[in-house]
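This is what each chain is made of:
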Amino acid sequence: MAERPAAEIAVPSKDPKEKKKEEDKKIDTKANGVKDEEEELSEEDAQLKSELEMLIERLKELNTDLYRPALETLRTLIRTSTSSMTSVPKPLKFLRPHYPGLQELFETWPTSENKSLFADILSVLAMTYSDTEPRGTLRYRLLSASLLPPTSKISEPGSWGHEYVRHLAAELGEEYTIRQEGEEAVPLPAPEADSDAPKSKPAPVPGTIEDLHNLGLECATFFLGHNAEPDAVDLFVELEIVDRIASLVDANTFSRVCAYMDRCVTLLPPPDDVTFLRTIHKIYLQFSKFPEALGVAIRLNDAALIRQDFNASGNPVMKKQLAFLLARAQIPIEWLKASASEDADAEDEFPEDILDCLSNTQLSRHFKEFGKEVGVADPKSLEDVYKSHLETTRSGLSANVDSARANLAGTFVNAFVNAGFGNDKLMVEAEEGNSWVYKNKDHGMMSAAASLGLGLLWDTDVGLSHIDRYTYSPEEWIKAGAFFATGLLNAGVRTEADAALALLAEHVENQSVPLKTAAIMGLGVAYAGSHREDLLTLLLPAVADDGVSMEIAALSALALGFVFVGSGNGEITSTILQTLMERDDKALDEKWGRFMALGLALLYVGLQDASDATLETLKAIQHPISRQAQILVEVCSFVATGNVLRVQRLLHLCGEHLDALKEKEQAESAEGKKDENKDEKKEDKKPDDTFQSFAVLGIAMIAMGEDIGAEMSMRQFNHLMHYGDPIIRKSVPLALGLISASNPQLPVLDTLSKYSHDHDLAVALNAIFAMGLVGAGTNNARLAQMLRQLAGYYYKEPDCLFMVRIAQGLVHMGKGTIGINPFFSDRNIMSRPAIAGLLATIMAFTDAKAFILDKYHWMLYFLVTAMYPRFLITLDEDLESKPVTVRVGQAVDVVGQAGKPRTISGFQTHQTPVRLGTTERAELATEEFIPYAHVLEGFVILQKNPGWEKEDTMQM
């Protein structure tokens, strides 16, 4: 069918005559652009414009008497002009075309007060030219100041408004950078699009560095007065005078300034981060905020500051609160006593009640009461944890088989789940002949006996009598376990009796290896972080002695690392370095070398650049262990700093493919021979690539301090998992476990769940353990379900099943009341002994076959230094429990937000004592009490608020 012809009719939008007129109009306005603009101006604007133009004409006349009034009027017009947030103020808009002419005019004037005022006005106009003539605002501001006679003073920058001050602050930062680093540090401005002029060099800015600093102080004072604390801090960072902010803050602004600075610390390169912390500390002391100041001093790990803060408060109740904080951080009590040279008359002993708080002696009593309050005091059996009726195993297989492996797993599950309550049925409450110890074989007995120490954790009085009966056992392994239990029992608690030292010291020289290692590690765990000199003389000889096996030497070094964690002790450092240099290659090739290196690294936890000399010395050692030690020392020094450069260096190490290089060399060897000698070959190669494993863990160590870094590292781990060598793939799950210990976020759980089904069983094993670390003490239901599925999946793989059981024990640690996250006090302060314990445990998993799955499963107990109850217990001033209502919710970061926003979201109201998750925060529900502590966590002492009245009395 033919298409119907359609007629096309063009429809003009407007009458053609009109169009013609418009075109004529356009040509006309182009020729006379000014006319068009004036037509658009309202009457007021036109009047303002003509007035401004008249004032400018005045300034060009020869009569100097007219200058002053004209300038004054100009200033008033600019200052009083208001505009919306988005548009330029009208006077600046109209004066912009005259700016170049005014600049030329300014140069012709002689020096006078008028010229100074003129410069001040030009400084404001320069804001409109900031893209083509950089730093004009600053230049004229400083010229204006220099032209004034000494008697009169220039107007405050704030009098020109907030935008002007922000502009000035930005230019100050640029100018300071140029003076420090040269012109190249700041890019030149782009020339205007229509001008053909080449890039011109901006006019130099007058004034000295001191002038810049003084102007910076004026701007910062304005910012602090107008709720712009972050701007003030940023300006001072650019001018490198952060320490001066302490003199500008007042009672209203100091908390916001400190909160913002605190958030910046992890993003700063050293040494700026330490400068920031010291400034925050100074400000807190200025306003008598002792707990906050002490928290910062602990982060700085500065003994003198800690002692000064602890003794700064005259209030004995406040001292108790500070003592609780120090006990939580496990600060050596010796640090608080003035050295003999400093103060001869200082009291040597603390009052009994303060010493109790410092030594954590009441921890066990409060923890058990807390357990009763929360309803978890009754012991849990293994079946309560496994819930095997929910597992998806095929029935009939491996049902009720009393295998040694399963019993060993049961030992650990029982120990972790019932830790600290001192009432589990398998060990503590068991009848004489029926103890769980006898259901284990050989080295299994050692872990079983040691589990007593965990079951009775922190309870030094009752615990020793329970353990004592096993120390007389004829079985060597049981005896060793009892020694180790003595050490575990005293972890994090100091007693006058010093039982651990008294009982274990004599066995450090014992002939039997199990007894010797148990005594050495028992001491290491019991006195972690105490810096006790008497342990140095006891343990150091074993490190230096060439006659002892590498195992004893390495464990002695590790124990010293625990005791002197973060001390940078020179004597231990030199001894370990000496040993690494003098021992023959065969000894250093042993699997124990890594623990010797770790012992050295732990001495430098958090010391940053202090480890440089040690790193240089390590480079001189001609053995692969030197590389492992270098990485460990470096990551321990920068733990939780989020230092980007170090992470990049570690990623570079992870990217090396050692196998490819090795294969080239070994291409000659026959193909058949390869398969036979697979295990031997692995042994050959091992010393070369272990360092990559530590590099992966190192990324987690450095990034664990702040959330952004931790999130970024997750992506890197994903890449490493795809492209890395087997040793790297094996280490990634451990790194994930370390970076979010006791903090089960969904992305991490899903990733680990995926890795736990990996075809490489070493990866799967570590992933299962990491799942235990991530969920430690959280009772996370989703994680428990995943682990039950894994138990069904791996029912034929004894190693993996053993690990699944241990992970189940970790997830229910302390029946959900004990966590292992090394950060506390709103995740701001890092506990050094906790880092040591986590690292040592994870180190044993870098070669699980040689340690955990061999006869060194007792290394799992290293976690004890990181285990701490996750509670909030409120006490009255006599340290008796005082129930109050609190709100517990997810912590929200409110730094830099306006007003007083809520610091928690989605809260529930509870009666104390309550359990707090890793990312949770608590606040008091009423204002009836005032807390002595700045963060509601752990033990908090309350003081009655004198101004508070009950609601019912107020209505009367």
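Before reading further, recall that the structure is shown in the block above.
Here's what I pulled together on the structure shown here. Note that the coordinates shown come from a computational prediction; the quantities given were computed from them, not determined experimentally.

Take helix H23 (residues 476–489) next. Here H23 contains 14 residues, and its C-alpha end-to-end distance of 20 Å stays within 8% of the 20 Å for a straight helix at 1.5 Å per residue. Within H23, 11 of the 14 residues are buried, which leaves the element mostly enclosed by the surrounding structure. If you check which residues of H23 are buried, you get Ile 478, Ala 480, Gly 481, Ala 482, Phe 483, Phe 484, Ala 485, Thr 486, Gly 487, Leu 488 and Leu 489.

A surface patch of like charges, here negative, comprises Asp 584, Asp 585, Asp 589 and Glu 590. Tracing the backbone through its elements, the reader meets Asp 585 in helix H29 (residues 585–589).

Once that is clear, we can look at the packing of helix H8 (residues 136–147) against helix H9 (residues 162–181). As a packed pair, H8 and H9 sit with axes 8 Å apart at the nearest point and diverge in direction by 95°. Taken as axis vectors, H8 and H9 run roughly perpendicular relative to one another. Between H8 and H9, the contacting residues are Gly 136, Thr 137, Leu 138 and Arg 141 on the first element and Tyr 164, His 167, Leu 168, Glu 171, Leu 172 and Glu 175 on the second.

Here the focus is the side chain of Ser 512. Within the element layout of this structure, Ser 512 appears in the loop between helix H24 (499–504) and helix H25 (513–526). Owing to a relative accessible area of 13%, Ser 512 belongs among the buried residues under this scheme.

Another point: the sheet that holds strand E7 (residues 904–911). Reading across from one edge, E7-E6-E9 is the order of the 3 strands in this open sheet, with antiparallel pairing throughout. With partners counted over all chains shown, the strands left at the sheet margins are E7 and strand E9 (920–924), one partner each. Between one strand axis and the next, the sheet turns by 30° as a mean value, whatever way the strands run. In this structure, strand E6 (residues 885–891) lies alongside E9, joined through 5 bridges in antiparallel fashion. Across the sheet, residue Arg 887 finds its bridge partner in E9, namely Glu 923.

Successive side chains on a regular strand alternate, one facing one side of the sheet and the next facing the other. The buried fraction of strand E11 (residues 938–944) amounts to 5 of the 7 residues, a majority that puts the element mostly inside the structure. Pairing of strand E5 (residues 871–875) with E11, which is carried by 4 bridges, proceeds in the parallel orientation. Paired with Leu 872 across the bridge in E11 is Gly 938. Here strand E10 (residues 929–931) runs beside E11; their pairing, made up of 3 bridges, is antiparallel. What sits directly across from Ile 930, in E11, is Gln 943. The antiparallel pairing of E10 with E11 creates a hairpin that spans 6 residues between the two strands.

To continue, consider the packing of aromatic side chains. For the structure shown, the criterion picks out 31 aromatic pairs. Relative to Tyr 861, the ring of Phe 416 lies with its centre 6.3 Å away and its plane at 55°, an arrangement referred to as tilted. Here Phe 416 is found in helix H20 (residues 404–417), whereas its partner Tyr 861 is found in the loop between helix H43 (832–845) and strand E4 (868–869), with 445 residues between them in sequence. Considered together, Phe 416 and Tyr 861 belong to a single accessibility category, that of buried residues. Through a chain of ring-to-ring contacts, three or more aromatic side chains come together here, namely Phe 412, Phe 416, Phe 484, Phe 562, Trp 592, Phe 595, Phe 851, Tyr 856, Trp 858, Tyr 861 and Phe 862. The residue whose ring lies beneath Arg 96 is Tyr 129, and the NZ or CZ to ring-centre distance is 4.3 Å. Above the ring of Phe 106, the side-chain terminus of Lys 115 is found at 4.7 Å from the ring centroid.

Cut-offs applied
Residues numbered from 1 in each chain as written. Predicted model: local features only at pLDDT ≥ 70, side-chain atom pairs only at ≥ 80, totals over all residues. Heavy atoms only, no water. Helix = DSSP H or I, 4+ residues; strand = E, 2+ residues; numbered from the N terminus. Expected span 1.5 Å × (residues − 1). Buried < 20%, exposed > 50% of the residue type's maximum accessible area, 1.4 Å probe, protein only. Patch = residues over 30% accessible without salt bridge, like charges linked within 9 Å, V, L, I, M, F, W, Y side chains within 5 Å. Areas by Shrake-Rupley, 256 points an atom, 1.4 Å probe, with all protein chains shown as cover. Salt bridge = Lys/Arg side-chain N within 4 Å of Asp/Glu carboxyl O. Lys, Arg positive; Asp, Glu negative; His and termini not counted. Charge placed at Lys NZ, Arg CZ, Asp CG, Glu CD. Axes fitted to C-alpha atoms, helices over the stretch in contact; angles between N-to-C directions. Parallel < 35°, antiparallel > 145°, perpendicular 65-115°, else oblique. Contact = heavy atoms within 4.5 Å. Pairing = 2+ DSSP bridges. Phe/Tyr/Trp six-rings, centres within 6.5 Å; stacked < 30°, edge-to-face > 60°. Lys NZ or Arg CZ within 6 Å of the ring centre and 35° of its normal.

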